[in-house]
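# Structural features, examined
Letter by letter, the chains look like this.
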Amino acid sequence: MGANTDWGEYDLLAFENPASSSLQAPSGLRATAGHQSDSGDPVDVQWLNSSPYDSVKLYRDSTLLATLVGSSSRYTDYADRGLYRYEISGVRGITETARASGFEFAGLVGCHAEDDFESGAAAYWVTDGSSWGTTPVAASGAWAFTDSPAGTYQGCAGGASGCKVNAIASFGVPVRLPPGSHLDYDQICDTEQGFDFCIVEVSADRGGTWAEIARFDMGSDPAWANGVADPTAYRHASLDLSTFVNKLVLIRFRLESDELIQYDGWYVDNIHINDANCTSLVSVPPPGRPLSLRFSPPSPNPGLGSARFGFELPQHENQVEIAVYDASGRVLRREQLGPLEPGDHVWTWNGRDGAGRTVGPGVYFARLRVGARMLIQKAAWLAR
Ligand SMILES: [Ca+2]
Ligand SMILES: [Ca+2]
């Protein structure tokens, strides 16, 4: 601002938007899929509200999924098989905060996942701090994956001695590891020997923390010594994952570099965790999430045509009932769902009462009864 800045004008702007300076974005978004099905898999999305909001907006892959009351901190989405980016923002008045975000893979999870990049894209990868992308310098087929498709990887621009930068690509498809599991892939690692590294990491807590399982640099193989990637320089790697047996894991590739001297970077192809003949584990509950009795709000809400209610049972139950009431407390419909196994379940209401008549628009209540315990959710219903 120059010497002639009119401070009165700035004061006026501040007065018109008094809330904006104190309005903080939500944080800590965490999405956890049930991995129960490849269609309509329940995804439990939770976040922390950092300010009071009039409403919160939830996005999936940049499209608005739901506008919720300002105190909401949880939502159950139902998503078909795929990798999704969830974002949440807070709204007060006409001001919407920045968005907090997180990724989750919805759909059934097995003991095997792979990518040969022959789609020409890397749709199941989440990248950070770099321009990871597909490249025609492939071990086989037409495409592979690299941190630096345009050439040399990045160092710390103007960085001091000892500074580090990371180029990270995380494979968004989780895998439940049976005994004897391996990560196999082909690679070229053209990084400065002893200073820049191609580091493979595994997370057993859905990306919260990562453990290194291998690191390479251009000194790891004579074919990489010239620092220039060409397809004849691909070498096969097979990494033991037995440390993580019985766990649900994600893998990622992290190229770490310092401030001086960069080469062609990291090229990977034909990635697979186990082969397609591996034997899946029967059931491993997601880590850090013991089962409890839960009943989620309907989705979509308001409902139109149908609405899904998710619930979770901590143990086998013979008596499970869902009933729908109108606002006056009259029972419209009652269904016996038991016996049911522990875990996540979904009940879909088609907007009809027990006699098959379509209900009118309004507010309804769904009551889940498990033995002597009862949980209630409210459902707004639109006319068809
Ligand atoms: Ca390929
Ligand atoms: Ca370097």
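Heads up: the structure comes first, above all this text.
Definitions and cut-offs
Residues numbered from 1 in each chain as written. Chains lettered and ligands numbered in written order. Predicted model: local features only at pLDDT ≥ 70, side-chain atom pairs only at ≥ 80, totals over all residues. Heavy atoms only, no water. Helix = DSSP H or I, 4+ residues; strand = E, 2+ residues; numbered from the N terminus. Buried < 20%, exposed > 50% of the residue type's maximum accessible area, 1.4 Å probe, protein only. Areas by Shrake-Rupley, 256 points an atom, 1.4 Å probe, with all protein chains shown as cover. Phe/Tyr/Trp six-rings, centres within 6.5 Å; stacked < 30°, edge-to-face > 60°. Lys NZ or Arg CZ within 6 Å of the ring centre and 35° of its normal. Donors = N, O, S within 2.8 Å, 3.2 Å for Na, K, Ca; no water. Tetrahedral: all angles 85-135°; square planar, octahedral: opposite > 155°, others 65-115°. Salt bridge = Lys/Arg side-chain N within 4 Å of Asp/Glu carboxyl O. Pairing = 2+ DSSP bridges. Contact = heavy atoms within 4.5 Å. Polar contact = N/O pair within 3.5 Å; in protein donor to acceptor, adjacent residues only side chain to side chain. Disulfide = S-S within 2.5 Å.

## Section: the overall build of the protein
Along the backbone of the protein there are one helix and 27 strands. The principal-axis extents of the C-alpha atoms in the protein amount to approximately 80 × 75 × 30 Å. The burial tally for the protein puts 47% of its 384 residues in the buried class. Just so you have it, the protein exposes about 18,500 Å², and 51% of that area is on carbon and sulfur atoms.

## Observations regarding the packing of aromatic side chains
Centre distance and the angle of the planes are the two values used to describe a pair of aromatic rings. Throughout the structure, instances matching the rule amount to 15 aromatic pairs. Ring centres 5.8 Å apart and planes at 25° place the aromatic pair Phe-295 and Phe-309 in the stacked group. In this pair, Phe-295 is assigned in strand S20 (residues 294-295) and Phe-309 in strand S22 (residues 306-313), connecting sequence segments 14 residues apart. For Phe-295, a relative accessible area of 9% corresponds to the buried category. Seen in terms of ring centroids, Trp-349 and Trp-381 are 4.5 Å apart; in terms of plane orientation they differ by 50°. Their pairing is tilted. Within this pair, whereas Trp-349 is found in strand S25 (residues 343-349), its partner Trp-381 is found in strand S27 (residues 373-381), the two being separated by 32 residues in sequence. For Trp-349, a relative accessible area of 1% gives the class buried. Aromatic ring contacts, followed pair by pair, group Phe-117, Trp-125, Trp-132, Phe-145, Phe-171, Tyr-185, Phe-253 and Trp-266 into a single cluster. Stacked on the ring of Tyr-84, the Lys or Arg Arg-60 has its end atom at 5.1 Å from the ring centre.

## Topic: the coordination of the calcium ion (ligand 1)
Coordination sphere of the calcium ion (ligand 1), protein contribution only: Asp-116 (O), Glu-118 (OE), Ser-140 (O), Trp-143 (O), Asp-269 (OD) and Asp-269 (OD), at 2.3 to 2.7 Å. Angles of 49 to 160° at the metal separate the six donor atoms of the calcium ion (ligand 1), which places the site in the irregular class. On the accessibility criterion, Asp-116 (37% relative accessible area) is partly exposed.

## Overview of the pattern of salt bridges
The final tally for this structure, using the stated rule, is 21 salt bridges. Asp-38 is paired through a salt bridge with Arg-81; the nearest N and O atoms lie 2.9 Å apart. Remark: Arg-81 occurs in the loop between strand S5 (74-79) and strand S6 (82-92) and Asp-38 occurs in the loop between strand S1 (27-33) and strand S2 (41-48); sequence separation between them is 43 residues. Across the pair Glu-87 and Arg-85 runs a salt bridge whose closest N-O atoms are separated by 3.6 Å. By relative accessible area, which is 7% here, Glu-87 ends up buried. In this structure, a network of salt bridges that share partners links the residues Lys-164, Glu-201, Arg-252, Arg-254 and Glu-256.

## A look at the pairing of S27
Across nine bridges, strand S26 (residues 362-370) lies against S27 in antiparallel orientation. Note on S27: the bridge partner recorded for Val-370 is Arg-373. What sits between S26 and S27 in their antiparallel hairpin is a turn of two residues, with Gly-371 showing a positive phi close to 60°.

## A closer look at the coordination of the calcium ion (ligand 2)
Reference values for coordination geometry: four tetrahedral donors around a metal ideally subtend 109.5 degrees, six octahedral donors ideally subtend 90 or 180 degrees. Only Glu-192 (OE), Asp-196 (OD), Asp-196 (OD), Asp-258 (OD), Leu-260 (O) and Ile-261 (O) from the protein reach the calcium ion (ligand 2) as donors, at distances of 2.2 to 2.7 Å. For the calcium ion (ligand 2), the six donor atoms in the first shell make angles of 51 to 162° at the metal, a pattern classed as irregular. In the primary structure, the donors to the calcium ion (ligand 2) are separated according to the pattern E-x3-D-x61-D-x1-L-I. Taken together, the residues span a long stretch of sequence, with Glu-192 in the loop between strand S14 (182-190) and strand S15 (197-203) and Ile-261 in the loop between strand S18 (248-257) and strand S19 (265-273) at a distance of 69 residues. The class of Glu-192 is buried, set by a relative accessible area of 11%.

## Here we look at the environment of Gln-315
Following the sequence through the fold, Gln-315 ends up in the loop between S22 and strand S23 (320-326). If sequence neighbours within four positions are ignored, Gln-315 has contacts with Leu-340, Glu-341, Pro-342 and Arg-373. Only 3.3 Å separates the side chain of Gln-315 from the side chain of Glu-317, close enough to count as a polar contact.

## Quick look at the state of the cysteines
In this structure the tally under the stated criterion is three disulfides. The disulfide partner of Cys-156 is Cys-163, and the S-S distance across this bridge is 2.3 Å. Here Cys-156 and Cys-163 share a disulfide; its torsion about the S-S bond, 140°, makes the bridge right-handed. An identical accessibility class is assigned to Cys-156 and Cys-163; each is buried. One disulfide bridge connects Cys-189 with Cys-198, the sulfur atoms lying 2.1 Å from each other. A torsion of 95° about the S-S bond marks the disulfide between Cys-189 and Cys-198 as right-handed. Cys-198 matches Cys-189 in its accessibility class, with the two residues each being buried. When the bonded cysteines of the protein are counted from the start of the sequence, the pairing works out to 1-6, 2-3, 4-5.

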